[in-house]
Amino acid sequence: MTTFRTATSHGLLRDLDSPGSVIEHITPNWFASVMGTGIVATAAATLPVQNVVLHVAAVVMWLLASTVLVVVSTLFAAHWLAHRRVALAHAAHPVMMQFYGAPPMALLTVGAGTSLLGADILGQSLATSIFVVLWTVGTALGLATSVVVPYVMITRRSADTVALPAWLMPVVPPMVSASTGALLLPHIADGQGRLAMLAGCYALFGMALVTGLMVTTVVLGRLLHGAVLPVQAAPTIWITLGVIGQSVTAANLLGADAVMVFTGDRSEVALVLRAAGILFGTVMGGFGAMMFALAAALTVHAARRGLRFSLAWWSFTFPVGTCVTGAAALGRALESSVVEALAVVLFAVLVAAWTTVATRTVREAYRGRVFLPA
């Protein structure tokens, strides 16, 4: 019998045995493509320099991210329905389970883009409503992964388990909820509801920051005292920048929004929170600069040793995007043109990374290779 691969050896999905193979290995790390695309839109919308061209480009990227979210979610659901045994195996895999943190962050990223850019197409009311739904669902799923995945790792720990940057994926979502929750605060009526939202966002911030730094310490310890990351896993070192950039973003956005909650004789609290965001952002920014340089060096090291394209390359996008939003938020808080210029430079790096990774993903998807198990 002639296989699909032979029949289409020079066409669409030529590396697959059949079209149905597309959904057989749709893993949760596919949602990283939504995160990486969506962060380009939100980063563009938060840059200190704005113009019509940039705004239109941001809207287009938000629409693309929204479309990819729908497509990937549909394929992922079909994967669970048609290949439940494979899906359960992925969910139990010590590395793949980490990427269940990607779906909630994809929802939160698209939700933030909807808040910042969706009003042009959907109208303010509908855009806000969609943002609320995506933020609520994304936050609930993120809280679940931040507890369930570590629990499974603790109770099913194997002797050969080693720390990987991917361990950050399930614990970072609450930080994304904190930073995007700052965008939701102005839409909440003044009073106890807005206070609860601000306090909740700071709690999410603390949850992800403490856990994220603990995991980062373990990962760096492994890199310094243990084996070097496998060549094909090298791009995941960039994930460490995600918690850094997102925390700087959250600290400064929440600090700026505090004036809406703490007024009158409590206005000093707002000033303290704003100052705390600036201090935290400056200190964490130094750590981020070091990790950026280390990640770049390790990537070059891996490239010289045969680094091949995989979905792990999406790790080059979202973490860099959080550095853009973090630098932009810190630059506004400091009123520093230097930090704001840094945000623009990082955005150029982000666009270059996204263009490279998206182009390779589309090409490999056309061939069907990216749908094969790693």
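Remember, it's a predicted structure, so these values are computed and weren't measured experimentally.

Parameters and conventions
- Residues numbered from 1 in each chain as written.
- Predicted model: local features only at pLDDT ≥ 70, side-chain atom pairs only at ≥ 80, totals over all residues.
- Heavy atoms only, no water.
- Axes fitted to C-alpha atoms, helices over the stretch in contact; angles between N-to-C directions.
- Helix = DSSP H or I, 4+ residues; strand = E, 2+ residues; numbered from the N terminus.
- Parallel < 35°, antiparallel > 145°, perpendicular 65-115°, else oblique.
- Left-handed = near helix turned anticlockwise from the far one by under 90°.
- Contact = heavy atoms within 4.5 Å.
- Nonpolar A, V, L, I, M, F, W, Y, C, P; charged D, E, K, R; others polar.
- Core = buried A, V, L, I, M, F, W, Y, C linked by side-chain atoms within 4.5 Å.
- Buried < 20%, exposed > 50% of the residue type's maximum accessible area, 1.4 Å probe, protein only.
- Expected span 1.5 Å × (residues − 1).
- Arc of directions from axis to C-beta.
- pLDDT = per-residue confidence, 0-100.

Section: the packing of helix α2 (residues 31-46) against helix α13 (residues 337-367)
Put simply, α2 and α13 touch, their axes get as near as 11 Å, and they point 155° apart. By the criterion of interaxial angle, the relationship of α2 to α13 is roughly antiparallel. The crossing of α2 and α13 is left-handed. The residues of α13 that touch α2, namely those facing G36, T37, I39, V40, A43 and A44, are F347, L350 and W354. In terms of residue class, the contact of α2 with α13 is made up of 7 nonpolar, 2 polar and no charged.

Things to note about the nonpolar core
Ranked by internal contacts, the top residues of the largest apolar core, which has 110 residues, are F205, F347, L350 and F371. The leading source of residues in this core is helix α9 (residues 192-225), at 11 residues. Other than its neighbours up to four places away in sequence, F205 contacts M175, A178, S247, A250, A251 and F280.

Looking at helix α11 (residues 267-303)
Taking 1.5 Å as the rise per residue, α11 with 37 residues should run 54 Å; its terminal C-alpha atoms sit 52 Å apart, in good agreement. Within the sequence span of α11, burial applies to A270, G277, I278, F280, G281, M284, G288, M291, A295, T299 and A302. Contacts made by the buried residues of α11 are with α9, α10 (240-257) and α12 (318-334).

So, the environment of L63
As for its placement among the helices and strands, L63 is situated in helix α3 (residues 52-82). C-alpha separation for the pair L63 and G281, spaced 218 residues apart in sequence, amounts to 30 Å.

Remarks on unusual backbone geometry
At L13, a position not held by glycine, the phi torsion is positive, near 55°. Turning to its location among the elements, L13 is positioned in the loop between α1 (4-7) and α2.

A look at the packing of α3 against helix α5 (residues 102-117)
Look at α3 against α5: their axes get within 10 Å of each other, and the N-to-C directions meet at 145°. Regarding α3 and α5, the two cross each other, and that crossing is left-handed. Residues H55, A58, V59, W62, A65, S66 and L69 of α3 touch α5, and the partners they reach there are A106, L107, V110, G113, T114 and L117. Class assignment of the residues belonging to the contact of α3 with α5 gives a composition of 9 nonpolar, 4 polar and no charged.

What about helix α4 (residues 84-92)?
Among the residues of α4, those classed as buried are V86, A87 and H90. Buried residues along α4 cover an arc of 100° about the axis, so they all sit on one side. Turned more than 90 degrees away from the buried face of α4 sit R84 and R85, all of them exposed.

Focus: the environment of L350
Mapped onto the fold, L350 is located in helix α13. Classification of L350 by relative accessible area gives buried; the value is 0%. C-alpha of L350 to C-alpha of S73: the two residues are 277 residues apart in sequence and 24 Å apart in space. Beyond its immediate chain neighbours, meaning those up to four positions away, L350 contacts I39, V40, A43, T317, V320, G321 and V324.

Topic: the side chain of R367
Here R367 is to be found in helix α13. Accessibility expressed as a relative area gives 19% for R367, which makes it buried. If sequence neighbours within four positions are ignored, R367 has contacts with L13, R14, D15 and L16.

Description of the environment of I39
Following the sequence through the fold, I39 ends up in helix α2. In the structure, I39 is positioned 24 residues away from D15 in sequence and 31 Å away in space, judged by C-alpha atoms.

With respect to the confidence of the model for the protein chain
With 96% of its residues at a pLDDT of at least 70, the protein chain reaches an overall mean of 93. With pLDDT under 50 throughout, residues 1-8 is counted as low confidence; its partners more than four residues away or in other chains account for 14 contacts.

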